[in-house]
Amino acid sequence: MAQRDKRRDREDRLAREKGAVRKKWGGRIPVAVAFPNSYHVGMSNLAVHILYRMLNARDNVVCERFFYEEGAPLVSVESSRPLSSFALIFFTLSFELDYPNIVKMLEQSFLPVPAGDRGDGSPLVVAGGVCVMANPEPVAPFFDLMVAGDIEATLPEFMDRFVASYRSGREKTLAGLDSFPFVYRPARLSVRYREDGQVAAFEPSAFSVVVRHYTGEALGASAIIAPGTEFGDMALIEGTRGCPSRCPFCLIGNLYRFRFEDIRSGSGDTQDIGIIGGGMSFHPRIVGIIDSFRKQGIRVHLPSLRLDEVPIGLIELLKDDIKTLTFGIEAGTGPLRAQLGKNITDDEVLSRIGAIMRLKSFNLKLYFMIGAPGETLDDIDAIPDLVKRVRHVMIQQGAPRGSLGNITVHVSPLVPKAATPFQWIPMADMGELKEKIARLRSAFRKIDNTVFTHDSVKFSFLQAVLSRGDRHVSDIVIRLAHGESLNRITRESSLNLNFYALRERPPDEVFPWDFISGTVSKEKLRNKLEMS
C-alpha cells in the first residue's frame, strides 16, 4: 500500500509539472540527471533545468530526472525506471553536505560506489557543478569522470563524443572523453602525501584540468515549472552569473567572471518570474527589465540583494509585489564588513534602510557571519546593536502610517572554501562559535519584532571538512551515508578532521585542488587575502 501511494504521489507530481518531457526509449540513449537531494531542493536548482533542456533537445537522447528522497524508491520522475537502466548519469553537485546522498543513490541502485569497481555493464557516472570546479577530491573516487565548467560550454562536445563512442566499450569511451581539457578522470591522477598529511605532489606532475566557461549570450532558465518546490509556480531566469564583488568568502564570485543577461521575455505563460543570480544588485539594466515585466502584468521576485548597491528605484518598482527584502550585511562593524567585501559603514546601512522603509514597511531578513579572521566579542555584540538601530529606523518610517515590519536575523559560521582567498584560513573553533551564537540568542530575546536563527555549528564544521578535503575524506562521506554520526566518526576515524577544517595553511602549501586551473589564479587569491 505504501509503495502504491508513493507511486501515485510521483505520478501526481509529474502531472502538475509544466514542461516535463516524456520520450519513448526506442532507439535513444538513456541519460539521467541526478540531484543528490530532494525534488523540492533539486527543482529549485537551475543546473538541473539546463541539463534537462539541453539533453532532451537531442533527438537521440532520452533524459530523465532523479532526486534523493529519504525512504522513497530511487526511480526516475518520468518513467519510474531505476538509475542502473541509464547509460550515462550526470550528478550536479552544488552543496557539500549532499555528498553522502551520492553514495546512497549509487548503493540503492546496486551500482558500485568506487568508480574502479565498475565494469562494462555499468553506466558512466559523471559529476559537474560548482563543487567540482572548486574541489572535487572528497568525492572523486566515486566518479568515472568530472566536468569542470559551465554546462552550456561543455555538454555539447561531451555528448557528441559520448554518442559516437559509447558502444565501443567503457575504456575507449572514457579515454575519448578524458581528452577534453575540462574533463577530469580521477583514475588518471595519483596524489602523494607528506607525513603530516599535506599534498606532496601530483603524478603526473603536469596534470591539469582547465575550467571552461560559457561565453554565449543567453543564461539559464527554467525548463519545467514545478509546483510544490521552493519557487512554486514561478519561472526562474538567470539574470547574472558570478558577482563583481568577489568577496573573499564567496565561491560563486571567485569561480565565475561576472556577466549579465539583458532579459527581454519571460518563460512560458506564468505570471511570476524569479530573476536569480549572485550579483543581481550589479545588473546595469535591472530596473528597466523589471519595469518592462511589470507593464506586461508579470510579477518579479529577486534573491538576496546587496544593500549598498541595489537601486532604490528597483525596490520602488517591486514594493507592491514583495513583503520581505533580504540583505547580506555580514558583520556588525564597518571594518569587519570591509574585510568580508562589504565596504559599507553603519551610517550608510541605516541611511539605505531608511530610504527603503520610506517606500513601504517591508519585513527584513538580514544575514550575518561569525568566525571571521580577527573577529572580537565587540564585533559580535555590534550585531544586535546594529539591528536595534535598524529597527529604530523602521519604527520612525512605519509609525506614521501605522505599520511595522519584522526582522529575521540569520547567522552562519564562516566556512572557508577552496578556490577563494579564504582557502588558507582556519575555520573558527566550534566551541567559540557556539558561545557566540548563545550570546547572540540572549541579546536578540530582548529585541521586539525580531527573530533570531542560525546554521548548525556541527554541520558548518562538516561543510568545512568537505569543502577543503582530499581523497581520504571520501571514506568519511561513505561512513556518513551509512548512518554513522559525525561525533562517532570524529572519535574513531584515523583521519583528524580538524586538519581539514581548523588548520591555517602556509602560503606555499600544495592544495588537493591545485591541479584545477580556474578563473582566478592562486597567486591572485593569496594577494586578495593579504589585502583583506
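Figured I'd write up the structure that's included with this text. These figures come from a predicted structure and were not determined experimentally.

Concerning the pattern of salt bridges
For step 1, the next point in the chain: Under the definition given, this model contains 35 salt bridges.
For step 2, the next point in the chain: A salt bridge links Glu78 to Arg65, with the shortest nitrogen-to-oxygen separation between them at 2.7 Å. With Glu78 in the loop between β2 (61-67) and β3 (88-92) and Arg65 in strand β2, this pair connects stretches of sequence that are 13 residues apart. Across the pair, Arg65 and Glu78 agree in class, each one buried.
For step 3, the next point in the chain: Measuring nitrogen to oxygen at the nearest pair gives 2.6 Å for the salt bridge that ties Glu157 to Arg212. With Glu157 in helix α6 (residues 151-165) and Arg212 in the loop between β9 (209-210) and β10 (235-238), the pair connects residues that are 55 residues apart, well separated along the chain.
For step 4, the next point in the chain: Residue classification places Glu157 among the partly exposed residues on the basis of a relative accessible area of 35%.
For step 5, the next point in the chain: The exposure class of Arg212 is partly exposed, given its relative accessible area of 27%.
For step 6, the next point in the chain: Overlapping salt bridges bring together Asp150, Glu152, Glu238 and Arg241 as one network.

Some remarks on unusual backbone geometry
For step 1, the next point in the chain: Here the residue pair Glu203 and Pro204 is connected by a cis peptide bond, since its omega of 5° sits within 30 degrees of zero.
For step 2, the next point in the chain: With respect to the helices and strands, the residue Pro204 is situated in the loop between β8 (199-203) and β9.
For step 3, the next point in the chain: Even without being a glycine, Phe110 presents a positive backbone phi close to 60°.
For step 4, the next point in the chain: Of note, Phe110 is situated in the loop between α4 (99-108) and β4 (124-128).
For step 5, the next point in the chain: Positioned with a positive phi, Asn449 is a non-glycine residue whose angle comes to about 55°.
For step 6, the next point in the chain: By the secondary structure assignment, Asn449 is in the loop between α14 (430-444) and β18 (450-454).

Focus on the environment of Lys23
For step 1, the next point in the chain: Relative to the elements of secondary structure, Lys23 occurs in the loop between α1 (2-16) and β1 (29-35).
For step 2, the next point in the chain: A sequence separation of 41 residues divides Lys23 from Glu64, and the C-alpha atoms of the two residues are 9.1 Å apart.
For step 3, the next point in the chain: Setting aside anything within four residues of it in sequence, one finds Lys23 in contact with Arg28, Asn56, Arg58, Asp59, Val61 and Val62.
For step 4, the next point in the chain: Here the side chain of Lys23 touches Arg58 through a polar contact of 2.8 Å, landing on its backbone oxygen.
For step 5, the next point in the chain: A polar atom in the side chain of Lys23 sits 2.7 Å from the backbone oxygen of Val61.

Notes on the packing of α4 against helix α16 (residues 474-481)
The angle between the axes and the distance between the axes are what describe a pair of packed helices.
For step 1, the next point in the chain: Orientation of α4 relative to α16, taken along the N-to-C sense of each, is 65°, at an axis distance of 8 Å. Judged on the interaxial angle alone, α16 and α4 are roughly perpendicular. Viewed along their axes, α4 and α16 form a crossing whose handedness is right-handed. Residue-level contacts link Tyr99, Pro100, Val103 and Lys104 of α4 to Val477, Ile478, Leu480 and Ala481 of α16.
For step 2, the next point in the chain: Looking at the contact of α4 with α16 residue by residue, the class counts come to seven nonpolar, no polar and one charged.

Each value, and the rule that gives it
- Residues numbered from 1 in each chain as written.
- Predicted model: local features only at pLDDT ≥ 70, side-chain atom pairs only at ≥ 80, totals over all residues.
- Heavy atoms only, no water.
- Salt bridge = Lys/Arg side-chain N within 4 Å of Asp/Glu carboxyl O.
- Helix = DSSP H or I, 4+ residues; strand = E, 2+ residues; numbered from the N terminus.
- Buried < 20%, exposed > 50% of the residue type's maximum accessible area, 1.4 Å probe, protein only.
- Contact = heavy atoms within 4.5 Å.
- Polar contact = N/O pair within 3.5 Å; in protein donor to acceptor, adjacent residues only side chain to side chain.
- Axes fitted to C-alpha atoms, helices over the stretch in contact; angles between N-to-C directions.
- Parallel < 35°, antiparallel > 145°, perpendicular 65-115°, else oblique.
- Left-handed = near helix turned anticlockwise from the far one by under 90°.
- Nonpolar A, V, L, I, M, F, W, Y, C, P; charged D, E, K, R; others polar.

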